[in-house]
Amino acid sequence: MGLPRPEELISDVNLKKMPSKAWMDTLPVEFKPGFYCYGAKGKNLEYVGFPNARDFHVTDPDWKLPEDWKKTVIEGIKQRIERFRTFHVFMDICVRCGACADKCHFFIGTGDPKNMPVLRAELLRSVYRKYFTSSGKIFGRNGGARDLDLDVLKELWYYFYQCTECRRCSLFCPYGIDTAEITIIARELLNLLGLNTDWISGPVANCYRTGNHLGIEPHTMKSTLEFMCNDIEDITGIRIEPPINKKGAEILFVTPSGDLFADPGIYNCMGYLMLFHELGLDYTWSTFASEGGNFGFFTSLEMAKRLHSKIYEEAKRLGVKWILGGECGHMWRVWHQYHNTWFGPVDFLEEPVSPITGTKFEHAKSNKIVHISEFTADLIKHGILKFDKSRNDNLIVTFHDSCNVSRGMGMFEEPRYIIKNVCNHFYEMPDETIREQTFCCGSGSGLNAGEIMEQRMRGGFPRANAVRYVHEKFGVNLLANICAIDRAALPPLMNYWVPGVRVSGVTELVANAMIMKGEKEREMNLRMEPLPGKEVE
Amino acid sequence: MGIGLALISVLGLILFAYVGTTIGLNALFGVVFPYAAFIIFVIGFIYRVVKWGKSPVPFRIPTTAGQHYSSLWFKQNKIDNPSTAWGVALRMFFEIFTFRSLFRNTKAEILQGRLYVGSSKWLWLGALAFHYSFLIIFIRHLRFFTPETPWVISIAESLDSFLQVHILGSPLLYITNISIAVALLYLLGRRILDPKIKYISLPSDYFPLFLILGIISTGVLMRYFFKVDVTAIKELTLGLVYFKPVVPEGVGSLFYIHLFLVSILFAYFPFSKLMHMGGVFLSPTRNLANNNRMERHINPWDYPVKHRHYEEYEDEFREKMKKAGIPVEKE
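Conventions and cut-offs
- Residues numbered from 1 in each chain as written.
- Chains lettered and ligands numbered in written order.
- Predicted model: local features only at pLDDT ≥ 70, side-chain atom pairs only at ≥ 80, totals over all residues.
- Heavy atoms only, no water.
- Pairing = 2+ DSSP bridges.
- Helix = DSSP H or I, 4+ residues; strand = E, 2+ residues; numbered from the N terminus.
- Axes fitted to C-alpha atoms, helices over the stretch in contact; angles between N-to-C directions.
- Expected span 1.5 Å × (residues − 1).
- Buried < 20%, exposed > 50% of the residue type's maximum accessible area, 1.4 Å probe, protein only.
- Polar contact = N/O pair within 3.5 Å; in protein donor to acceptor, adjacent residues only side chain to side chain.
- Contact = heavy atoms within 4.5 Å.
- Buried area = accessible area lost by both parts, 1.4 Å probe.
- Salt bridge = Lys/Arg side-chain N within 4 Å of Asp/Glu carboxyl O.
- Nonpolar A, V, L, I, M, F, W, Y, C, P; charged D, E, K, R; others polar.
- Core = buried A, V, L, I, M, F, W, Y, C linked by side-chain atoms within 4.5 Å.
- Domains from an automatic or database assignment.

Right, let's get into the sheet that holds strand E5 (residues 397–399) of chain A. All names here are of chain A. Taken in spatial order, the 3 strands make up an open sheet running E5-E6-E7, and their pairing is parallel. One side of each edge strand has no neighbouring strand; the edge strands of this open sheet are E5 and strand E7 (502–505). Geometrically, the sheet is characterised by an average inter-axis angle of 30 degrees between neighbouring strands, direction not taken into account.

What follows concerns helix H10 (residues 179–191) of chain A. Residue and element names in this part refer to chain A. An ideal rise of 1.5 Å per residue puts 18 Å on 13 residues; H10 measures up with 18 Å between its terminal C-alpha atoms. For H10, a buried count of 13 out of 13 residues is recorded, marking the element as mostly surrounded by other parts of the structure. Where H10 begins, the capping side chain belongs to Asp178, and its oxygen is found 3.0 Å from the backbone nitrogen of Ala180.

What follows covers the interface of chain B and chain A. Taken residue by residue, the interface counts 93 residues in chain B and 120 residues in chain A. The contact between chain B and chain A buries some 9,400 Å² in all, and 57% of this surface belongs to carbon and sulfur atoms. Looking only at chain B, the three residues that lose the most surface to chain A are Tyr199(B), Arg293(B) and Arg296(B), adding up to 10% of its buried area. Here Lys305(A) and Asp302(B) are joined by a salt bridge, their closest N and O atoms 2.8 Å apart. Across the chain B-chain A interface, the total number found is 76 residue pairs in polar contact (both at pLDDT 80 or more). Of the residues forming the side of chain B that touches chain A, the biggest block, 7 residues, is contributed by helix H13 (residues 310–324) of chain B. Of the residues in the side of chain B that touches chain A, the class split is 44 nonpolar, 26 polar and 23 charged.

Let's shift gears to the nonpolar core. Within the largest apolar cluster, 179 residues are counted, with the highest numbers of intra-cluster contacts made by Trp157(A) and Trp497(A). Here this core gets 12 residues from one element, more than from any other, and that element is helix H9 (residues 203–225) of chain B. For this core, the domains that each give at least three residues are domain 1 (17–196) and domain 2 (203–513) of chain A. When near neighbours in sequence (up to four residues on either side) are disregarded, Trp157(A) contacts Phe31(A), Tyr36(A), Cys37(A), Phe56(A), Val58(A), Trp63(A), Leu190(A), Leu195(A), Asn196(A) and Thr197(A). Listed in part, the 87 residues of the second largest apolar core include Phe276(A), Ile418(A), Leu509(A) and Val328(B).

With that settled, consider the sheet that holds strand E3 (residues 322–325) of chain A. All names here are of chain A. Across the sheet, 4 strands lie side by side as E2-E1-E3-E4; this open sheet has parallel pairing. With one partner strand each, in any of the chains shown, strand E2 (283–284) and strand E4 (369–371) form the two edges of the open sheet. Judged from the 4 bridges that link them, strand E1 (residues 251–254) and E3 form a sheet pairing that is parallel. Among the inter-strand pairings, Phe253 is bridged to a residue of E3, identified as Leu324. On top of the sheet, helix H14 (residues 301–318) reaches E1, E2, E3 and E4; it is set at about 150 degrees to E1, its chief contact. Across the sheet, helix H16 (residues 372–381) is in contact with E1, E3 and E4; its angle to E4 comes to roughly 65 degrees.

Here is the structure:
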């Protein structure tokens, strides 16, 4: 990776020492390799109709901005002040108490003061004050205000693409100021000028065209699922035929496309296939609603809505009763807190009821979407599934709460209940690092690109540090989670900081332990490695 | 940044009031400024809150800080992740009266390449001590604005002085005089001594601290050290209440400085971060129920967006889908 050794990486971090120059005097920002994502390609911006589509090179002095870019940004701020009480109030009431400062994983991992949530917000707040408040207009810099110029714009870009929208800071803020909200709006402003990253805009364009971030076309999706079914047959002796775009199915299943593509997400996907087969569930995949994640959410709320609308439309077209969602973080933030507002009323679907247990999911009676962990926990509670927990006996498991599901929904118990029912060895990380206080993987909100690896390893340090603690204390060797970005981002993080700890989704653990009707004696886990006790001597 | 500027501003204000009352502008400091400040405060405060209120809440985005409500058997954390209006009221109550979020505060430290996160309650304690002391002092002062002292105020006074301590033969010591001074010095101290907080501080962060310290100091001086004519002062304050302003003899500059700094605090309030007092009630991450999947939240400015429909998708991929045996709408 070209990174320093782990013990050296954060040796330069001193949370108690700040630069001698005031933060307003540190411009222009230095674009350090490893700390920023590459700029967007013009064709991807153009495909979805983003403004100012052109190839954007971050380190070019000329960002090829439209003539009146400053006016665009200032009018953009005005419009958003009038549209979002969050933004309006959060721009005004911060007292700079600093409670948020050392809550941010990026500040802890870099020591860069502008990664303190308060200062990240001040970068934009200072511009707001200059153009929208009397104190800023009168007192200028002494009122905490500054002019918007190109250097300031570049600074905004650099730091608002260094926030993973994890909301940990908002938990501790006495006024609930939410940096994720500020970042979302700052990125909207930047996107008015075509200032996006390649890693976000590429998946957005893909998702618009093919329905998923990875650009998987329908036939490829089908063959991918079939490959997985081949593996499942090798492991269990059971042949599964996954239903695809099946009209009249009871349930539409949607999961992030990361589960279709890369290790270890694919094992989780195999888990879904096995679970639904075992239940005899009347469900379907959709090749168009083939993405639950939403990188549009990392550009603008409008783009998020444009990408997510297809899911309900597809549910309507296929005539299903309700939707079941796989394991993902920001997908659930969008589904839980936004999608119903965008698309509702969802009166063409029915209130979700588990066809297996009869449980009514009344808490999802309006948006008609149930989380796979809720669904599975309910199955286990009713004794529907039979497990051989010893198949997971080689795993000493801890659970990483994903930011969005934690602080944007509050689902903590369901995955833990499931894990404890399918694994014999489970240990929690320290309290200050789990549940609502969980530390981010360091790669959320579209920052899981390779070129920003140093920032990711630094930002993931607090999470990794807690894993290392249980790794050393209890021998933990598996980091379970319910998020596709985690499944993509945590393996390199663990390889770097805590070698010997692997990463998996929760459903993979379920399927591995689940005794299926008519299965042969299992020798291998879903990764095709020998099960404990089945190793060849 | 800006600590000097803030200090000089407050000292300048003190000097201004001192000189002003020395040359006999008592009516200006005793009547005109207090009235003006009060009007600015009331109108400004309402204006700001109404302006925030005019910005709609397009999405329901509470920060969830505990187990959610669901139809399953898991126990919901009803305060930190409320799903009903009552739950929200409870969450807001604890937020406003006990600073619950701040109580959660932790401190991160890196030692020998390891991160340690531990509990840290000092900021919570300092903030709570400051705000409650201020509130009690504020209530105590209401006796200057009522002809008879109401029982609530008397109770506040006697509780505040229950230690029954006299300093140098002066009136009973108020606990809040000590606690607010200690809390303010703590809040100021951490701004100066904690490099992080120092780095993010603006002049407008120091200014209210110095201003309130000035108010406290002048108040303490009047009560314990310099005998001021309380009857004359009450004549002035009651005159303000009854809109029959009088400027009595025998009220010294010290009182006018005190009153002027209070006037400045009131007038400054609506234009400053002190508005967090109103804003905390309006924060959508705290004052909304986490019931998004049960009840649809309406965005008043929602507008239709262009998105890709299945028909376009199928048109692009139909041949591939057919070849792969995936059902299509149009053959």
